[in-house]
Amino acid sequence: MKFFAVPTILTRTVVYVLGIVVTFISLEATREYAAHEDTLKRAQFDVNNMTITLRNHTSDAIQITEVLLTSIAERLPSASSPQDALSIVENLSQVHGDSAVQSSDIAIITKDGSWITAPLPVAGAQTDGARLALFHHHLQSDELEVYFGRPLKRTSDGEWLLTISRRVNALDGSFDGVVVATLTARSTASFFQNFIRAARDRVTLISSTGRIITEAPYDPERIDSRFSTPTDTAPIVASANVTARRYVDADTGEAFLVGVDSDPHHGFSLVIAAAESDLLGPWYTGMLQRAGANVLFVLLVLVMGNGLLHQIRKRREGERLLTQREADFRLLAENGTDIVERYSGEGIRIYVSPAVEQIIGYSPADLLGSRALDSLPEDMRPLAREAAQRLRSGETATETLTYRLRHKHGHEIWLESSFRAVAGPDGSLSDLVVTTRDITARKQLELRLEAIATLDGLTGLRNRRTFDAALAVEVERSHRTGRPLSLLMIDVDRFKLYNDEYGHVAGDACLRSIASVIAMAARRPGDMAARYGGEEMVVLLPDANSAAATFMAGELCRQLQALSIPHLHNVPWQVATASIGVSTLESRPGDPRHDGQWLMSTADMALYQAKHEGRNRAKVAPPPIPSFEREAG
């Protein structure tokens, strides 16, 4: 039957050619889809990296300014005049030379709204700083964190100013004013402009309320307006996730890749929007080229066999372009100053950037294939495991660990590592990308500032806040161990008359000399000498009974008199002397449980008695009467 006749050569050829064409087109369509997805993922990765980099830079710049403003705010209460306040600003600005602001960019507003420095050149602020919204923010909030406020427009040229401010507290903790640092929105936008690669790309810094702080390309008309492009603000800011997402502009229908990274501590988000058509431009171009080549290949298959060679050449060209893009990314990663690492789902290093050798001394070859936890300190390993689990489960988008590590050459360094989960070979969030930076210099500065915060600026003794904390700890320890705790309360005799006669500069020198003698007396481990306020100083003596404390107080009186600091109004000695009140907490059986306030008040009463009996002497507060003696009496 003809139905079962053997197909002709022509039929077989047509079927064979159609099969080749259909198979080829199917394979090419699948490959182009995969190339499209791969290109899109790479574009997302680029947007993510740029978002993280710019957000980190912005956070670091604000944090450096925050350290400067904190230093100024903590020193301002000790300023005795506006000139002193200006000197504090100038000196600390020089110390913090790496800050983005200079002393000329810092303004100080007192608690009544007046200016110590030149007023900010913005409308409504030249005469009354209290009219500024940032002033009201700090007046109403007890928080000591810096406030990234709304931009202000400079009246002279219409330039927008970004403000970073911090509350200033008086010594008693009450509101005492605001210190403000400013920089222009244009300069920040100029920095962001360096990262823009296409005309439609946009980098926007927005506040937590969805208003534009600054933007590149710079457009002053958009500053302080509500952010609305490429799509609605709410889903972008609410995501708080660096993973670039695809949004479609409701007005134009154009698709954008939008990367968002938020800094909740400083109250801003960084948004990078890149047109998807620009990001996928090379792929579109390559796809059209390959499509044309494929059509030509199909046509040429009918007449000659060299179409296959043509497609192979095009495929190799496409692979070369993909390899070049990967090489460009590797160039960025391997020439950065931060360590970039990738860990597999089993915690094995599968990539380490060359910056590791500069930061911790080991080469990438030394670390490749090793386990991530092996290089962390023992106490940090449980925290790292928990952070990795949260990232892989999708509970958090990023995790940060700060820790000390021993350098290959033996010294210790401080590192800060940011972890992010990325898709592994199976598509799950199993792999981790870790960016590590050296923060040793910043950590050392923080430790130095912490040490400075515990000392009195005039005498070098511990300040009152540090003493109060130590007193509470030692009282609790005395009750727990039954060991005695003594307190000396020292007051310079007739010191107001000294200041009236010799002036405050001489008075400060007198206090420093007396403080040096008191500091030498508190020489045992655990002893603490502190300036309690004005000319009053205290010495805390753990494990010292009343007899030992009384002896030390008498010796101090003699040593201070022996300094022979002239004081004509301190008769009959005519040199500077001090009166001392001594109080001891014995924690004996039957005694009521006294606190630090009792120790201070009884020492103060003993000091009053020493003053009443003629000054330049030490008096001991009587011990408390045990409860059984009171009952017997």
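Quick caveat: nothing in here was measured; it's all calculated off a predicted structure.

Each value, and the rule that gives it
Residues numbered from 1 in each chain as written. Predicted model: local features only at pLDDT ≥ 70, side-chain atom pairs only at ≥ 80, totals over all residues. Heavy atoms only, no water. Axes fitted to C-alpha atoms, helices over the stretch in contact; angles between N-to-C directions. Helix = DSSP H or I, 4+ residues; strand = E, 2+ residues; numbered from the N terminus. Parallel < 35°, antiparallel > 145°, perpendicular 65-115°, else oblique. Left-handed = near helix turned anticlockwise from the far one by under 90°. Contact = heavy atoms within 4.5 Å. Nonpolar A, V, L, I, M, F, W, Y, C, P; charged D, E, K, R; others polar. pLDDT = per-residue confidence, 0-100. Phe/Tyr/Trp six-rings, centres within 6.5 Å; stacked < 30°, edge-to-face > 60°. Buried < 20%, exposed > 50% of the residue type's maximum accessible area, 1.4 Å probe, protein only. Pairing = 2+ DSSP bridges. Salt bridge = Lys/Arg side-chain N within 4 Å of Asp/Glu carboxyl O.

### Quick word on the packing of helix H15 (residues 504-521) against helix H16 (residues 546-562)
Piece 1. With their axes 10 Å apart at the nearest point, H15 and H16 run at an angle of 150° to one another. By the angle between their axes, H15 is roughly antiparallel relative to H16. When you trace H15 past H16, the crossing you get is right-handed. In contact with Ile-514, Val-517, Ile-518 and Ala-521 of H15, H16 contributes Met-552, Leu-556, Gln-559 and Leu-560.
Piece 2. In the contact of H15 with H16, the residues fall into seven nonpolar, one polar and no charged.

### Some points on the confidence of the model for the protein chain
Piece 1. Averaged over every residue, the pLDDT of the protein chain is 81; residues scoring 70 or more account for 85%.
Piece 2. In this model, residues 627-633 is a region of pLDDT below 50 whose contacts with residues beyond four sequence positions or in other chains number three contacts.

### Description of the packing of aromatic side chains
Piece 1. Inspection of the entire model under this criterion finds seven aromatic pairs.
Piece 2. Geometrically, the ring pair formed by Phe-148 and Phe-268 is edge-to-face, given 6.0 Å between the ring centres and 85° between the ring planes. Linking Phe-148 in strand S2 (residues 147-148) with Phe-268 in strand S10 (residues 268-275), this pair joins segments that are 120 residues apart in sequence.
Piece 3. What makes Phe-148 buried here is its relative accessible area of 11%.
Piece 4. By relative accessible area, which is 2% here, Phe-268 ends up buried.
Piece 5. Here the aromatic rings of Phe-467 and Tyr-532 are separated by 5.9 Å at their centres, their planes lie at 90°, and the arrangement is edge-to-face. On the criterion of sequence distance, the pair formed by Phe-467 in helix H13 (residues 464-481) and Tyr-532 in strand S17 (residues 528-533) is long-range, its members being 65 residues apart.

### Brief notes about the packing of H13 against helix H17 (residues 596-612)
Piece 1. At a closest axis distance of 9 Å, the pairing of H13 and H17 adopts a crossing angle of 110°. By the criterion of interaxial angle, the relationship of H13 to H17 is roughly perpendicular. Of H17, the residues touching H13 (which contributes Phe-467, Leu-471 and Val-475) are Gly-596, Leu-599 and Met-600.
Piece 2. Looking at side-chain class alone, the contact of H13 with H17 contains five nonpolar, one polar and no charged residues.

### Structural notes on the sheet that holds strand S19 (residues 578-585)
Piece 1. Read across the sheet, five strands follow the order S17-S18-S16-S19-S20 without closing on themselves; strand pairing throughout is mixed. Whereas interior strands pair on both sides, the edge strands pair on one side only; in this sheet they are S17 and strand S20 (618-620). Each strand of the sheet is rotated relative to its neighbour by a mean of 20°, with strand direction disregarded.
Piece 2. As defined by bridge partners, S19 adjoins S20 across three bridges and the pair is classed as parallel. Note on S20: the bridge partner recorded for Ile-580 is Ala-618.
Piece 3. Along the sheet, H13 contacts strand S16 (485-492), S17, strand S18 (536-542) and S19; its crossing angle with S17, the most-contacted strand, is approximately 125°.
Piece 4. In the packing of H15 onto the sheet, contacts are made with S16, S17 and S18, and the angle to S18 comes to roughly 5°.

### With respect to the pattern of salt bridges
Piece 1. Inspection of the entire model under this criterion finds 30 salt bridges.
Piece 2. Between Arg-404 and Glu-412 there is a salt bridge, and its shortest N-O distance comes to 3.7 Å.
Piece 3. The exposure class of Arg-404 is partly exposed, given its relative accessible area of 46%.
Piece 4. A salt bridge links Arg-477 to Glu-474, with the shortest nitrogen-to-oxygen separation between them at 3.0 Å. Of the two residues, Arg-477 and Glu-474 both sit in helix H13, three residues apart, roughly one turn of that helix.
Piece 5. Note on Arg-477: relative accessible area 25%, which makes it partly exposed.
Piece 6. When its relative accessible area of 15% is taken as the criterion, Glu-474 is described as buried.
Piece 7. Taken together, the shared-partner salt bridges connect Glu-474, Arg-477, Arg-483 and Asp-543 into one network.

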